[in-house]
Amino acid sequence: MIVVLLGAPGAGKGTQAKRMGSTMGVQHFSTGDLLREAVENGTELGVRAAEYMDSGRLVPDDIMLGLAGELLDRKGSGAGVILDGFPRTVPQAKGLDQLLLDRGETIDLVIFLDIEEEDAVERLSSRVSCPKCGSVHNLTTDLPMTEGLCDACGGTLVRRSDDIPEKIERRFEQYQRETHPTIEYYRSQGKLDTVDAGRPIKEVQEAIRRILSRNGEPQAAG
Ligand code: AP5
């Protein structure tokens, strides 16, 4: 099953994708995490992506479609995957359709995590994450067991460099301009399911579980 998670910055895409990945037993590809890793390692992709990410802008479509092609090759034919943060423009959505068509595959489901901007900004302002393993916590809604330390690996939790007010604002501008039309693109294909993502993590997770069950995902009931 190929599932796309769409939503504004802070909607909870990463939080829910990690849970879905382990429940469904499929790979979870987060383009944001992959780009941050590339920046950290100073790869060619990272050097090109850094200038856009640093200013809260989207990385150009040609770079993202190149990365998507690599991810699909890594996934292997017929395997399930959750795409978190990709596609987020209409050209990326069209490009992904073509990449999948070339492989005899198609997107099964797009889940749109719908949240008020005000609530999402509040979440981003209190998010902390682990640079070692990518785990995410929240100082208001999802506290780590030990203050300042990652539950999964004990690493030191830090704020993301793009979670500061002026960059959050830029990311929302990009979201409204570039990503919102993507939602309509999938709605017109009849593939979109919307979840109220303003609710607590477990309630959002349960709403997603119901959608997956309805769409014939047998391992979703966990
Ligand atoms: P990316 O990392 O994808 O950032 P984003 O889209 O801005 O999304 P976030 O990771 O900020 O939020 P999220 O929805 O995953 O929320 P989370 O689960 O962490 O991309 C970063 C950058 O990379 C982009 O700006 C762009 O430059 C580039 N990029 C990436 N993909 C690209 C693409 N396809 N094209 C072009 N450029 C691309 O949750 C947020 C917080 O809220 C956490 O603290 C969490 O604990 C908490 N939380 C989550 N759910 C709930 C809940 N239900 N209730 C209470 N708290 C919650």
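As shown above, the structure is provided for reference.
Residues numbered from 1 in each chain as written. Predicted model: local features only at pLDDT ≥ 70, side-chain atom pairs only at ≥ 80, totals over all residues. Heavy atoms only, no water.

Caption draft 1: Structural detail: a negative patch on the surface. Taken together, the side chains of Asp114, Glu116, Glu118, Asp119 and Glu122 present a region of like negative charge at the surface. Ranked by the residues each element gives to the negative patch, the list is headed by helix α6 (residues 117-125), at 3 residues. The topology assignment puts Glu116 in the loop between β4 (109-114) and α6. (Patch = residues over 30% accessible without salt bridge, like charges linked within 9 Å, V, L, I, M, F, W, Y side chains within 5 Å. Areas by Shrake-Rupley, 256 points an atom, 1.4 Å probe, with all protein chains shown as cover. Salt bridge = Lys/Arg side-chain N within 4 Å of Asp/Glu carboxyl O. Lys, Arg positive; Asp, Glu negative; His and termini not counted. Charge placed at Lys NZ, Arg CZ, Asp CG, Glu CD. Helix = DSSP H or I, 4+ residues; strand = E, 2+ residues; numbered from the N terminus.)

Caption draft 2: Just the environment of Asp33, in detail. Assignment of secondary structure puts Asp33 in helix α2 (residues 31-41). Taking the C-alpha atoms as reference points, Asp33 and Gly14, 19 residues apart in sequence, are found 9.1 Å from one another. Here the side chain of Asp33 touches Arg36 through a polar contact of 2.8 Å, side chain to side chain. (Polar contact = N/O pair within 3.5 Å; in protein donor to acceptor, adjacent residues only side chain to side chain.)

Caption draft 3: Structural context of the nonpolar core. Counting 56 residues, the largest nonpolar core has Met20, Ile111, Leu113 and Tyr186 as the members making the most contacts within it. Look past the residues within four positions of Leu113 in its chain and what remains in contact with it is Leu5, Leu6, Gly7, Ala8, Ala11, Gly12, Lys13, Gln16, Val195, Ala197, Val204 and Ile208. (Core = buried A, V, L, I, M, F, W, Y, C linked by side-chain atoms within 4.5 Å. Buried < 20%, exposed > 50% of the residue type's maximum accessible area, 1.4 Å probe, protein only. Contact = heavy atoms within 4.5 Å.)

Caption draft 4: Structural detail: unusual backbone geometry. In this structure, the amide linkage connecting Phe86 to the following residue, Pro87, adopts the cis form with an omega of -5°. Of note, Pro87 is situated in the loop between β3 (81-84) and α5 (90-102).

Caption draft 5: Focus on the environment of Leu192. Tracing the backbone shows Leu192 in strand β7 (residues 192-196). Look at Leu192 and you get buried, because its relative accessible area is 16%. Each C-alpha atom, one on Leu192 and one on His180, is 13 Å from the other, the two residues being 12 residues apart in sequence. Not counting chain neighbours up to four residues away, the residues in contact with Leu192 comprise Leu6, Val110, Phe112, Ile183, Tyr186 and Arg187.

Caption draft 6: Quick peek at the pairing of strand β1 (residues 2-7). Of all 6 residues making up β1, 6 are buried, and the element is well covered by its neighbours. Across the two faces of β1 the burial is the same, with Ile2, Val4 and Leu6 and Val3, Leu5 and Gly7 all buried. Bridge analysis of β1 against β3 gives 4 bridges, and the strand direction is parallel. When the bridges of β3 are listed, Ile2 appears paired with Val81. (Pairing = 2+ DSSP bridges.)

Caption draft 7: Molecular detail of the state of the cysteines. Within the structure shown, the criterion is met by 0 disulfides. Cys150 supplies the cysteine sulfur nearest to Cys133, a cysteine that is in no disulfide, at a spacing of 3.6 Å. (Disulfide = S-S within 2.5 Å.)

Caption draft 8: Geometry of the packing of α6 against helix α7 (residues 165-188). Interhelical geometry of α6 versus α7 gives an angle of 140° and a closest axis separation of 11 Å. By the criterion of interaxial angle, the relationship of α6 to α7 is oblique. Note on packing geometry: the crossing formed by α6 with α7 is right-handed. Contacts between α6 and α7 involve Glu117, Ala120, Val121, Leu124 and Ser125 on the former and, on the latter, Ile168, Arg171, Phe172 and Gln176. (Axes fitted to C-alpha atoms, helices over the stretch in contact; angles between N-to-C directions. Parallel < 35°, antiparallel > 145°, perpendicular 65-115°, else oblique. Left-handed = near helix turned anticlockwise from the far one by under 90°.)

Keep in mind these numbers describe shape, not what the thing actually does.
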